[in-house]
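# A look at the structure
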Amino acid sequence: MNFFLTDIPERTKQPRDCGLTMMMDKGLSFNQAIGFIEMNSKYTDIIKLGFGTSSISPNVEKKIELYQDAGLKVYLGGTLFESFIIRGMYEEYKDLLRKWNLKMCEVSDGSIEIDHKEKCNYISDLSEEFLVVSEVGSKDENKDLRTDLWIELMQKELESGSWKVIAEAREGGNVGVFGKEGKVKSDLIDQIIKNVPSDKILWEAPIKQQQVWFIKLLGANVNLGNIAHNEIIPLETLRIGLRGDTFFDYINMK
Amino acid sequence: MNFFLTDIPERTKQPRDCGLTMMMDKGLSFNQAIGFIEMNSKYTDIIKLGFGTSSISPNVEKKIELYQDAGLKVYLGGTLFESFIIRGMYEEYKDLLRKWNLKMCEVSDGSIEIDHKEKCNYISDLSEEFLVVSEVGSKDENKDLRTDLWIELMQKELESGSWKVIAEAREGGNVGVFGKEGKVKSDLIDQIIKNVPSDKILWEAPIKQQQVWFIKLLGANVNLGNIAHNEIIPLETLRIGLRGDTFFDYINMK
Amino acid sequence: MNFFLTDIPERTKQPRDCGLTMMMDKGLSFNQAIGFIEMNSKYTDIIKLGFGTSSISPNVEKKIELYQDAGLKVYLGGTLFESFIIRGMYEEYKDLLRKWNLKMCEVSDGSIEIDHKEKCNYISDLSEEFLVVSEVGSKDENKDLRTDLWIELMQKELESGSWKVIAEAREGGNVGVFGKEGKVKSDLIDQIIKNVPSDKILWEAPIKQQQVWFIKLLGANVNLGNIAHNEIIPLETLRIGLRGDTFFDYINMK
């Protein structure tokens with residue numbers, strides 16, 4: 001904080017294991033990435049190079065190194081993992097991660113169907129070499145998972161070696177744990193957090209009202225992802241109660 | 001203008017007392033602020049460091065100085081004022097304004113309830129040292145003010161020393177003088193401008209259709225605020241009739 | 001591509017005659033334009049300085065030159081053309097194009113009504129000196145063209161010298177070939193492409209679902225425009241099947 005205020009919730013310290021913020025980079029230029037780090041590196045933990053953007057972004061290795069030098073974890077969007085898997089190019093994918101010096105990766109099945117045992121095998125194999133996050137939930141708004149399946153899949157993926165499981169929401173925030181208009185499925189989430197430690201879940205929550213909802217439910221140090229690069233500081237103010245939506249959440253009313 | 005065109009409305013000259021444009025900075029980096037000034041300083045009068053973002057933005061004093069050196073007025077969002085008030089830290093707030101060399105500030109009660117006499121006392125006290133804007137209207141979409149109360153509050157705050165009164169709309173443009181879907185409450189606004197000089201009101205209007213509506217009602221030199229940093233030049237084209245929405249407003253049809 | 005993947009559709013090579021991407025610049029700063037070029041010049045063909053923004057953007061000639069030096073075609077939004085026409089300043093408009101060293105221009109009648117023969121005369125006259133794009137469709141959501149008229153107007157404008165005809169959608173993506181909520185009018189478009197070569201049409205498609213729809217209908221090398229500066233790389237991933245929405249479009253399922 002740039003000045004002292006009472007009644008500000010304590011945030012976890014970097015490098016964080018919970019209270020994580022993941023930013024989705026869809027194609028920032030090198031100078032934008034420098035500016036991003038200058039303003040946001042204290043409030044950001046993880047950078048996802050969204051979907052297949054890393055395949056066509058110029059100088060992507062240089063940008064990865066820039067982020068890593070700033071203490072940020074970097075990984076490639078799950079859609080890219082799936083793009084390699086569906087083409088039978090798993091080994092090539094691992095080679096790419098190594099070539100780009102990535103220490104983290106995502107295993108997902110949002111677009112393709114992967115037998116869950118096989119998915120867990122990928123997690124297990126990759127976790128020997130990388131920090132793995134795995135994503136649960138389909139990108140298809142018409143394919144809803146049953147509540148008990150959400151829980152079972154998350155638990156098995158954590159057992160298989162995932163550092164965190166990600167609850168899918170896409171960039172639009174309108175699938176998975178959210179309904180078509182971005183509304184939170186609160187019953188589903190209540191059941192999930194009764195059965196999976198909430199600090200092991202990273203919630204994709206690109207829309208402000210979703211962020212507010214999770215902060216009110218799980219506190220300042222909830223793990224949130226798919227945050228746009230220009231929404232990191234606004235999100236941090238929500239976490240600490242310095243924006244209208246969470247203004248009273250930490251006030252010890254006198 | 002970069003070239004001559006007939007039938008362009010005259011804009012007020014800087015430093016403006018009306019025809020104001022207020023930009024909301026939610027966390028621009030220093031280099032973004034430099035680029036912003038380069039492109040937009042002629043069309044911008046006031047920078048609001050939105051809600052509590054100034055509390056956690058690195059090098060915020062340097063950015064304030066940069067904006068001020070470019071002739072822009074800078075103030076901190078009203079939510080931050082209220083954050084200090086609810087904690088009983090009014091003197092600390094004034095100290096912060098002085099320390100950061102701010103010449104302008106906002107008094108608001110969008111999140112907390114402040115007795116209106118007390119609010120006017122804050123305005124009166126701060127206006128001895130700072131240029132004060134005060135905001136009318138709740139951030140709570142369920143708390144609508146009666147029309148006569150909007151008018152009375154605005155008048156009293158201006159009498160107490162406010163330079164301008166701000167009509168609350170939030171960043172989303174969906175409360176106060178706007179309904180839930182961002183629609184303008186035109187009856188309310190008609191009544192307000194019959195009773196309060198419109199050049200003393202700064203309308204928060206983040207959404208293009210709201211900007212268009214106010215320009216059509218009050219002309220090119222209406223005061224507008226909560227404009228995103230990348231919408232300043234588009235707004236200026238609306239003001240002078242060089243965008244489709246206001247294309248015919250100044251044409252002296254021949 | 002930064003790495004090899006099978007089943008990636010072939011994109012046309014620059015300088016492209018089809019597979020075009022047009023970005024709408026609403027007021028990028030010079031440094032933002034440099035960063036834009038660094039990341040996106042391989043995936044961008046045309047820059048439109050949107051509506052009247054070029055009239056008030058500082059150093060606009062310098063920015064035009066920057067884009068042109070990067071191999072990008074630059075033109076001024078059709079609303080500016082119409083602003084000159086309605087003021088009876090056609091010759092002044094041509095002088096401006098020459099002064100700014102522009103090689104491309106747009107002829108449109110989205111805001112004003114121009115007799116179609118007269119519009120074709122503008123196209124014919126300007127095409128002797130400039131690469132002309134002409135736009136069909138009104139900016140007024142209440143003025144729908146009949147299907148046969150869309151086709152007839154497009155054909156005549158191409159015959160008059162237009163390099164491409166643009167199907168109007170505005171920045172909001174909610175008029176012309178789209179309905180009020182941004183939905184694609186697929187029957188209209190089906191009829192258009194049966195009668196006008198689709199590589200002669202540039203579709204304004206600012207919203208992702210519209211881009212997806214056109215890519216699915218017309219393939220990776222459809223001409224798309226009114227793309228925001230930060231959506232160029234995401235669009236390119238859609239074109240080549242590396243984003244969820246078009247993930248399966250090019251997979252030769254094994």
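This text goes with the structure placed above it.
Residues numbered from 1 in each chain as written. Chains lettered and ligands numbered in written order. Predicted model: local features only at pLDDT ≥ 70, side-chain atom pairs only at ≥ 80, totals over all residues. Heavy atoms only, no water.

## Here's the deal with the interface of chain C and chain A
Chain C puts 29 residues into the contact, and the matching count from chain A is 31 residues. The junction of chain C with chain A conceals about 2,600 Å² of combined surface from both sides, 62% of it contributed by carbon and sulfur atoms. Taken together, chain C and chain A are joined by one salt bridge. Between Glu231 of chain C and Lys26 of chain A there is a salt bridge whose closest N-O contact spans 2.5 Å. Viewed at the interface, chain A and chain C are joined by nine residue pairs in polar contact (both at pLDDT 80 or more). Elements with a contribution of two residues or more to the side of chain C that touches chain A: helix H1 (30–40) and helix H9 (232–239) of chain C. The residue inventory of the side of chain C that touches chain A, partitioned by class, reads 15 nonpolar, six polar and eight charged. (Contact = heavy atoms within 4.5 Å. Buried area = accessible area lost by both parts, 1.4 Å probe. Salt bridge = Lys/Arg side-chain N within 4 Å of Asp/Glu carboxyl O. Polar contact = N/O pair within 3.5 Å; in protein donor to acceptor, adjacent residues only side chain to side chain. Helix = DSSP H or I, 4+ residues; strand = E, 2+ residues; numbered from the N terminus. Nonpolar A, V, L, I, M, F, W, Y, C, P; charged D, E, K, R; others polar.)

## Details of helix H9 (residues 232–239) of chain A
Residues and elements named next belong to chain A. Most of H9 is tucked away, with eight of its eight residues classed as buried. Among all positions of H9, only Ile232, Ile233, Pro234, Leu235, Glu236, Thr237, Leu238 and Arg239 are buried. Looking at the buried side of H9, the elements it contacts are strand E1 (21–25), helix H1 (30–40), helix H8 (208–218) and strand E8 (224–227). Two residues or fewer after H9 comes Gly241, characterised by a positive phi angle close to 80 degrees. (Buried < 20%, exposed > 50% of the residue type's maximum accessible area, 1.4 Å probe, protein only.)

## Topic: the nonpolar core
Residues Tyr67 of chain A, Tyr67 of chain B together with Tyr67 of chain C are the most contacted members of the largest nonpolar core, which totals 215 residues. Apart from residues lying up to four places away in sequence, Tyr67 of chain C is in contact with Met23, Asp25, Leu28, Ala33, Phe36, Ile37, Ile47, Leu49, Leu72 and Val74 of chain C. (Core = buried A, V, L, I, M, F, W, Y, C linked by side-chain atoms within 4.5 Å.)

## Points about the packing of aromatic side chains
What the rule picks out here adds up to 32 aromatic pairs over all chains. Judged by centre distance (5.4 Å) and plane angle (45 degrees), the ring pair of Phe84 of chain A and Phe3 of chain C falls under tilted. With Phe84 of chain A in helix H3 (residues 78–86) and Phe3 of chain C in the segment before strand E1 (21–25), this pair bridges two chains. In this pair, the class of Phe84 of chain A matches that of Phe3 of chain C, namely buried. Relative to Phe214 of chain C, the ring of Trp213 of chain C lies with its centre 5.3 Å away and its plane at 90 degrees, an arrangement referred to as edge-to-face. Assessed through its relative accessible area of 25%, Trp213 of chain C is described here as partly exposed. Classification of Phe214 of chain C as buried rests on a relative accessible area of 0%. (Phe/Tyr/Trp six-rings, centres within 6.5 Å; stacked < 30°, edge-to-face > 60°.)

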